[in-house]
Amino acid sequence: SPPTAANSSGFAFKGPSAPPASFPTASQLRIGIVHARWNAECIGPLVQGAVGAMKKAGVKEENIVVESVPGSWELPMGVSRLISAGQVQASSNVSDLMGASSLLEGSLDSPSTSSSASSKPFDALIGIGVLIKGSTMHFEYISECACQGLMRVGLDANVPVILGILTCLTEEQALQRSGIGEGAHNHGEDWGTAAVEMAEKSNRWA
Ligand code: DLZ
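Just so it is clear, the model here is predicted, and its values are computed rather than measured. (Residues numbered from 1 in each chain as written. Predicted model: local features only at pLDDT ≥ 70, side-chain atom pairs only at ≥ 80, totals over all residues.)

On to the nonpolar core. Residues Ile31, Ala50, Met54, Val79, Ala124, Leu125 and Ala195 are the most contacted members of the largest nonpolar core, which totals 50 residues. The biggest single contributor to this core is helix α1 (residues 40-57), with 9 residues. Leave out the neighbours within four places in its chain, and methionine 54 touches Ile31, Val59, Ile64, Gly192, Ala195 and Val196. (Core = buried A, V, L, I, M, F, W, Y, C linked by C-beta atoms within 7 Å. Buried ≥ 20, exposed ≤ 12 C-beta atoms within 10 Å, placed from the backbone. Helix = DSSP H or I, 4+ residues; strand = E, 2+ residues; numbered from the N terminus. Contact = placed C-beta atoms within 7 Å.)

And the structure:
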């Protein structure tokens, strides 16, 4: 659980308060993750954290699709294309359509190899990246555009897109937020839970 879990009044600082107690439709949800490959030491645990939280909430592993793009700059396009691929050709292997390889390739069931995998469009997506400030202006430009881009893609497609981008001033901050080190908290877990909550609520509000 987050180190900043809700107090007895139900409030939390620097972290979400408790999510819904259960996710009744989780087993029917289909969720996509697109992650950048920069700062892989953090990306791996963040993706694992998100996948773990979704499975804990009841999402089936075969209904979680994980794809990668080079860096955070490419996340909005990657998420946008994955949404389209899921809508157009939901019954085939989305990985083939993306043509990208993931850090976690092989660790999750490919939709094409599992007969119980869902073939419907994605109910929610997560864009995962880690940006660490360097000595040039790259950090500022990429952070701003990647975050704005993910918001735009989600609103344009009317599909929940979770912001899974860490924008850190130091490597230590990035490691801490990836669950690495003493007292660290893996933000990927929060993103996974947020994806399930938003997927369910969006379906209900449709
Ligand atoms: C170029 C760049 C830099 C300097 N830093 C990061 C970073 O910290 N995290 C990240 O995800 N990507 C970084 N990139 C790569 C860009 O996001 C992008 O992949 C390239 O500029 C190619 O378009």
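More follows now that the structure is in view.
The backbone of asparagine 39 shows a phi angle near 55°, a positive value even though the residue is not glycine. Relative to the helices and strands, asparagine 39 is located in the loop between β1 (31-36) and α1. Of note in the backbone geometry, asparagine 158 takes a positive phi value of approximately 60° without being a glycine. When you line up the elements, asparagine 158 lands in the loop between α4 (138-157) and β4 (161-168). Since 9 C-beta atoms lie within 10 Å of it, asparagine 158 is described here as exposed.

Below, the discussion takes up the site of the ligand. In the region of the ligand, 15 residues are neighbours, and Ala36, Trp38, Gly71, Ser72 and Trp73 sit closest. Of all elements in the fold, only β3 (124-132) and α4 reach the threshold of two or more residues within the shell around the ligand. By residue number, the principal contributor to the shell around the ligand is β3, which donates 4 residues. For the shell around the ligand, the residue count by class is 8 nonpolar, 6 polar and 1 charged. (Near = placed C-beta within 6 Å. Nonpolar A, V, L, I, M, F, W, Y, C, P; charged D, E, K, R; others polar.)

In this structure, asparagine 63 sits in the loop between α1 and β2 (64-69). The sequence separation of asparagine 63 and alanine 53 amounts to 10 residues, and the corresponding C-alpha distance is 14 Å. Apart from the residues within four sequence positions on either side, asparagine 63 is in contact with Leu29, Arg30, Ile31, Ala117 and Ser118.

All right, on to the confidence of the model for the protein chain then. When the pLDDT values of the protein chain are averaged, the result is 87; 82% of them are 70 or greater. Below pLDDT 50 for its whole length, residues 90-113 participates in 47 contacts with residues either more than four positions away or in separate chains. (pLDDT = per-residue confidence, 0-100.)

Attention shifts here to the packing of helix α2 (residues 75-88) against α4. Packing of α2 against α4 brings their axes to within 8 Å, and their N-to-C directions diverge by 20°. Relative to α4, α2 is oriented roughly parallel. Every pair of crossing elements has a handedness; the one defined by α2 and α4 is right-handed. Side by side, α2 and α4 meet where Leu75, Pro76, Val79, Ser80 and Ile83 of the first sit next to Ala146, Gly149, Leu150, Arg152, Val153 and Ala157 of the second. Split by residue class, the contact of α2 with α4 holds 8 nonpolar, 2 polar and 1 charged. (Axes fitted to C-alpha atoms, helices over the stretch in contact; angles between N-to-C directions. Parallel < 35°, antiparallel > 145°, perpendicular 65-115°, else oblique. Left-handed = near helix turned anticlockwise from the far one by under 90°.)

Okay, α4 next. Here α4 spans 28 Å end to end across 20 residues, near enough to the 28 Å set by a 1.5 Å rise per residue. Three or more residues of α4 are buried, namely Ile142, Ala146, Gly149, Leu150, Val153 and Gly154. Viewed along the axis of α4, the buried residues span an arc of 120°, placing them on a single side of the element. Residues Glu140, Tyr141, Glu144, Gln148, Leu155 and Asp156 are exposed on α4 and point more than 90 degrees away from its buried face. On its buried face, α4 is in contact with α2, β3 and β4. Taken from the residues just after α4, asparagine 158 is the one with a positive phi, measuring 60°. (Expected span 1.5 Å × (residues − 1). Arc of directions from axis to C-beta.)

Attention now moves to α1. The periodicity of an α-helix, 3.6 residues per turn, causes residues three or four places apart in sequence to face the same way. For α1, built from 18 residues, the straight-helix expectation of 26 Å at 1.5 Å per residue is met to within 8% by its first-to-last C-alpha distance of 26 Å. Among the residues making up α1, those that are buried are Cys42, Ile43, Pro45, Leu46, Val47, Gln48, Gly49, Ala50, Val51, Ala53, Met54 and Ala57. Here the buried face of α1 lies against β1, β2, β3, β4, α5 (171-177) and α6 (187-205). Of the residues flanking the end of α1, it is glycine 58, one or two places downstream, whose phi is positive at about 115°.

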